[in-house]
Amino acid sequence: MKFFKSIVLIGLVLICGGVKADNLPSKTRVNSSIDLVSRHLWRGFNSGTAPTIEPTLEFQTGKFTAGAWGAYSFDESYQEIDLYLQYNTPLFQFSLFDFYCPAPDFSNSKFFDFDSNESVHLFDISAKYKGCAKFPISIMTSVLFYGEMDRDENNDQRYSTYFEFGYSNFIGGKKFSWALGLTPFKGMYDDKMNVVNVNMTMYDKIKLSDQFSLPVRGGLTLNPVTEKLFLTFAITL
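The rules behind each value
- Residues numbered from 1 in each chain as written.
- Predicted model: local features only at pLDDT ≥ 70, side-chain atom pairs only at ≥ 80, totals over all residues.
- Heavy atoms only, no water.
- Helix = DSSP H or I, 4+ residues; strand = E, 2+ residues; numbered from the N terminus.
- Buried < 20%, exposed > 50% of the residue type's maximum accessible area, 1.4 Å probe, protein only.
- Contact = heavy atoms within 4.5 Å.
- Areas by Shrake-Rupley, 256 points an atom, 1.4 Å probe, with all protein chains shown as cover.
- Pairing = 2+ DSSP bridges.
- Axes fitted to C-alpha atoms, helices over the stretch in contact; angles between N-to-C directions.
- Polar contact = N/O pair within 3.5 Å; in protein donor to acceptor, adjacent residues only side chain to side chain.
- Lys, Arg positive; Asp, Glu negative; His and termini not counted.
- Salt bridge = Lys/Arg side-chain N within 4 Å of Asp/Glu carboxyl O.
- Core = buried A, V, L, I, M, F, W, Y, C linked by side-chain atoms within 4.5 Å.
- Phe/Tyr/Trp six-rings, centres within 6.5 Å; stacked < 30°, edge-to-face > 60°.
- Patch = residues over 30% accessible without salt bridge, like charges linked within 9 Å, V, L, I, M, F, W, Y side chains within 5 Å.

**Concerning the overall build of the protein**
Helix and strand content of the protein: one helix and 14 strands. A total of 237 residues make up the protein; the buried ones form 37% of that total. A separation threshold of at least 6 residues defines the contact pool for the protein, and within that pool the share at least 24 residues apart is 41%. Carbon together with sulfur atoms contributes 63% to the accessible area of the protein, which is approximately 14,000 Å² in total.

Here's what the structure looks like:
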């Protein structure tokens, strides 16, 4: 099995051999954006009961990216602030996340509370093969390794795991991305191995002038576990 995995990995690298390391920025860059999203979804699950505003601020230097991302629903039913650190190569991305999900009124949601039963931090580590133009298929695996929200009835960490397979292509001149997400065993996502996220997203731009366009995207997401279907729309400022 290890030999087979090694052959697959070597094959992916050879297929994407044209990807060059100089595609990564060598100087420090500061990136910021704001997304207006009709509904916040994460791995097939819905958070909040209203549209959200989702700001991002990140610093990128060489192969490293450090950033903060937030989600705030218009009706104050949900808020989230994620801190992350990423290491990128042309083909792979390794990430460490702190998902901080305080109550809307910040009750029992102290940021520096990591030990009590009321802590609202959730730590995630993930690895992703990003694919390339010749082989536009991505593979991501994620493990939740700390947090009260991922503990079972015995207060044991469940290490909930999530796999996602992605594919991108163009249809009618528009970019599409497709994703299939599943959990391999009982955890936060479901009580058994199951598909939890089936997603299709289309990317486009709204032209406002010859010099300015707004990036937009529309997504159709199905969670077979909860049997819920979502049609979402987002604008990036």
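**Re the sheet that holds strand 8 (residues 121–129)**
Read once around its circumference, the closed barrel built from 12 strands follows the order 1-4-5-6-7-8-9-10-11-12-13-14, with strand pairing classed as antiparallel. When strand polarity is set aside, the average angle formed by the axes of neighbouring strands in this sheet is 20°. One ladder, built from three bridges, connects strand 1 (residues 29–37) with strand 14 (residues 228–236); its direction is antiparallel. In the strand pairing of strand 14, Asp 35 is matched with Thr 236.

**Topic: the side chain of Thr 52**
Relative to the helices and strands, Thr 52 resides in strand 4 (residues 52–61). For Thr 52, a relative accessible area of 0% puts it in the buried group. Within the structure, the side chain of Thr 52 is placed 2.8 Å from the side chain of Glu 54, a separation counted as a polar contact. Excluding anything up to four places from it in sequence, Thr 52 contacts Asp 35, Leu 36, Val 37, His 40, Tyr 72, Ser 73 and Phe 74.

**Let's talk about the side chain of Asp 98**
Tracing the chain through its elements places Asp 98 in strand 7 (residues 92–100). For the buried Asp 98, which has no salt bridge, the nearest side chain bearing the opposite charge is Arg 43, at an N-O separation of 13 Å. Contact partners of Asp 98, with chain neighbours within four places excluded, come to Ile 81, Asp 82, Leu 83, Phe 111, His 121, Leu 122 and Phe 123.

**A word on the pattern of salt bridges**
For the coordinates displayed, the defined rule picks out six salt bridges. Between Arg 217 and Asp 35 there is a salt bridge whose closest N-O contact spans 3.5 Å. Of this pair, Arg 217 sits in strand 13 (residues 213–223) while Asp 35 sits in strand 1, placing them 182 residues apart in sequence. One salt bridge connects Glu 148 with Arg 151, and the closest N-O pair in it is separated by 3.1 Å.

**Here's the deal with unusual backbone geometry**
Unusually for a residue other than glycine, Glu 76 sits at a positive phi of about 60°. Here Glu 76 is to be found in the loop between strand 5 (64–73) and strand 6 (79–88). Residue class for Glu 76 comes out exposed when judged on its relative accessible area of 62%. Positive phi values are uncommon outside glycine, yet Tyr 159 reaches one of about 50°. Within the element layout of this structure, Tyr 159 appears in the loop between strand 9 (137–146) and strand 10 (161–171).

**Thoughts on the nonpolar core**
Trp 69, Ala 71, Tyr 84, Phe 97, Phe 99, Leu 122, Met 140, Leu 144, Tyr 162, Tyr 189 and Val 196 form the largest nonpolar core, which has 11 residues in total. Among the secondary structure elements, those contributing two or more residues to this core are strand 5, strand 7 and strand 9. Apart from the residues lying within four places of it in its own chain, the contact partners of Tyr 162 are Arg 43, Met 140, Thr 141, Ser 142, Gly 181, Leu 182, Tyr 189, Val 196 and Asn 197.

**Quick look at the packing of aromatic side chains**
One pass over the structure, following the stated rule, counts 16 aromatic pairs. Relative to Phe 99, the ring of Phe 97 has its centre 5.4 Å away and its plane inclined at 25°; by these criteria the two rings are stacked. The burial state of Phe 97 is the same as that of Phe 99; both residues are buried. Seen from their ring centres, Phe 123 and Phe 145 are 6.0 Å apart, and the 40° between their planes marks the pair as tilted. Linking Phe 123 in strand 8 with Phe 145 in strand 9, this pair joins segments that are 22 residues apart in sequence. Among the residues examined, Phe 145 registers a relative accessible area of 32% and is labelled partly exposed.

**Things to note about a nonpolar patch on the surface**
On the surface, a nonpolar cluster with roughly 680 Å² of combined accessible area is contributed by Ile 139, Phe 165, Leu 180, Val 198, Leu 220, Leu 222, Leu 229 and Leu 231. Of all the secondary-structure elements, those providing two or more residues to the nonpolar patch are strand 13 and strand 14. With respect to the helices and strands, the residue Phe 165 is situated in strand 10.

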